[in-house]
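Single-letter residue listing:
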Amino acid sequence: MIMTDASNIARSTKRDWLRFWRDKCFTSSLLLFFFLLPLQTRYIFSEASLYEWGTLSVYGVEALGWAVILLFMGTWEHGSMGIKVKKCFLASMLPCFLIIWAFLSIVWAPDKMVALQSVIVLLEGILLFFVVLSYITPHPAFGHPLRGLRSLGPSSTPLGEGRVRGKMAGIVYAFLVGATLQAGLGIYQFLTQSTFASSWLGMALHDPRALGTSVIEFGNERWLRAYGGLPHPNVFGGYLTVAFATTMMIWQKVSVKDSPWPRTILHIVMPILLTGIFFSFSRVAWLGAGLVMLAMLISEIKKCYTFARSSKSVAQSIWSLNVQYVIFISLYLLFLVLLYRPLVTARIVSESRLEIKSRVERMEGVREAWTLIKKHPILGVGIGNYTQSVQQEVRP
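Below: a short report on this structure.

Conventions used here
- Residues numbered from 1 in each chain as written.
- Predicted model: local features only at pLDDT ≥ 70, side-chain atom pairs only at ≥ 80, totals over all residues.
- Heavy atoms only, no water.
- Salt bridge = Lys/Arg side-chain N within 4 Å of Asp/Glu carboxyl O.
- Buried < 20%, exposed > 50% of the residue type's maximum accessible area, 1.4 Å probe, protein only.
- Helix = DSSP H or I, 4+ residues; strand = E, 2+ residues; numbered from the N terminus.
- Expected span 1.5 Å × (residues − 1).
- Polar contact = N/O pair within 3.5 Å; in protein donor to acceptor, adjacent residues only side chain to side chain.
- Contact = heavy atoms within 4.5 Å.
- Pairing = 2+ DSSP bridges.
- 1 Å grid on protein atoms, 1.4 Å probe; cavity = no way out; pocket = protein on both sides within 12 Å on 5 of 7 lines; lining within 4 Å.
- Points joined across faces, edges and corners; volume = space filled by probe spheres on them.
- Nonpolar A, V, L, I, M, F, W, Y, C, P; charged D, E, K, R; others polar.

1. Some words on the pattern of salt bridges
- In total, this model carries four salt bridges according to the counting rule given.
- The closest approach of N and O atoms between Asp 23 and Arg 22, which form a salt bridge, is 3.7 Å. Per residue, the accessibility class of Asp 23 equals that of Arg 22, and both read buried.
- Between Arg 367 and Glu 364 there is a salt bridge; the shortest N-O distance is 2.8 Å. Linking Arg 367 with Glu 364, this pair stays in helix H12 (residues 353-375), spanning three residues, or about one helical turn.

Dropping the structure here:
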């Protein structure tokens, strides 16, 4: 009897130990995925000769994403992580329909291997969405891998809610650290007007003197736009804009009564992200960052007016630390605009040779897309096969 109890205890201890390390591996892989999200390292199976969209490859981040999914499946089977299937059944119907339709589109796609590759990427994205949703959903068996992170809410929240906030904070911080490093790389590229190639980082060499490089043309000068580690400055600017909006939302929720370190770190991160967005010279990214700052300023002023009812002075309440900081980063942005005014003017006015060429090419792309829509109004041309269809049907 004693030997049986000891054996059961040993087996239980071993199971707990395996479950602990399995959950640790899942959590670490998930955070690493969000940190490495912009990494462009990939293994190319088949390279297209005419266009990038015909290349068959697998990105390192994609492989890591599938590892996260597999680790999640192992934890979900034992009930340590997961959400109730009944609750997410209706929400799962639309993604399932989308995946089924994408798989069916392989049948009529001109390049079936590219279509299959695109379907796999789409499937991975949807599965990762549900993995993250399940990971941050309250569950009695959830562990708390990131104790002490209270930046997304006050410390007085209930234990279950606190665990959700802690896990969400871990994902957000991993994403922001990766974005800040990318912004720093983009700032370096613009200030030095140079890039470097790295197969390990998935980065290509971008020479501002070479044709095809995204530059701003001003007089006889060609200014390199910041790429970061991403394939195009517009992608780089969009990525940083999402990170900037996330940072602003966290900054609003950080309590002044908590440790000053989270606010100090965010005060350093936001100008770095904003500078990276500015050096991308992406007009859409500029607009997005401006709208985020305007929304935050309006939100803070409304909070101050509400607080003013119990305060001595309305003006004193409006002039809060948060409002002061939003005004400070706005003035910093104005300083950058004035410092690089000729380049900003060239991007906004859009009368230089390259800007006119870009505008003409975009209008041509819209016309080509409309031509394909009229030819294939219901079934489309197959997932991931737009470029191939343009080459075959619009520009044969």
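2. A short note on helix H4 (residues 112-135)
- Relative to the 34 Å expected for 24 residues at 1.5 Å per residue, H4 spans 34 Å between its end C-alpha atoms, a close match to the ideal helical length.
- Among all positions in H4, only Val 114, Ala 115, Ser 118, Val 119, Glu 124, Ile 126, Leu 128, Phe 130, Val 131, Val 132, Ser 134 and Tyr 135 are buried.
- The N-terminus of H4 is capped by Asp 111, whose side-chain oxygen sits 3.4 Å from the backbone nitrogen of Met 113.

3. A look at the side chain of Gln 40
- Tracing the backbone through its elements, the reader meets Gln 40 in the loop between helix H1 (2-35) and strand S1 (42-46).
- Its relative accessible area of 18% is what places Gln 40 among the buried residues.
- In this structure the side chain of Gln 40 is engaged in a polar contact, spanning 3.1 Å, whose partner is the backbone oxygen of Pro 38.
- For Gln 40, the contacting residues outside a window of four places in its chain are Tyr 59, Leu 201, Gly 202, Gly 229, Leu 230 and Pro 231.

4. A look at the pairing of strand S4 (residues 221-224)
- Bridge count for strand S3 (residues 215-218) against S4 is four bridges, and the pairing is antiparallel. When the sheet's bridge partners are listed, Glu 217 is paired in S4 with Arg 222.
- Between S3 and S4, which pair antiparallel and follow one another directly, the connecting turn spans two residues, one of which, Gly 219, has a positive phi of 65°.

5. Re the layout of surface pockets
- If you add up the space inside the largest pocket, you get close to 1,300 Å³.
- Around the largest pocket sit 38 residues that line it, and Gln 40, Arg 42, Glu 52, Tyr 59 and Pro 231 are the ones nearest its centre.
- Mapped onto the lining of the largest pocket, the elements with two or more residues apiece are S1, strand S2 (56-59), helix H2 (60-77), H4 and helix H6 (233-253).
- For the lining of the largest pocket, the element with the most residues is H4, which contributes six residues.
- Looking at the lining of the largest pocket residue by residue, the class counts come to 19 nonpolar, 15 polar and four charged.
- A volume near 670 Å³ is recorded for the second largest pocket.
- Lining the second largest pocket are 20 residues, and of these Gly 212, Thr 213, Ser 214, His 232 and Glu 361 lie nearest its centre.
- The biggest single contributor to the lining of the second largest pocket is H12, with seven residues.
- Grouping the amino acids of the lining of the second largest pocket by side-chain chemistry returns five nonpolar, seven polar and eight charged.

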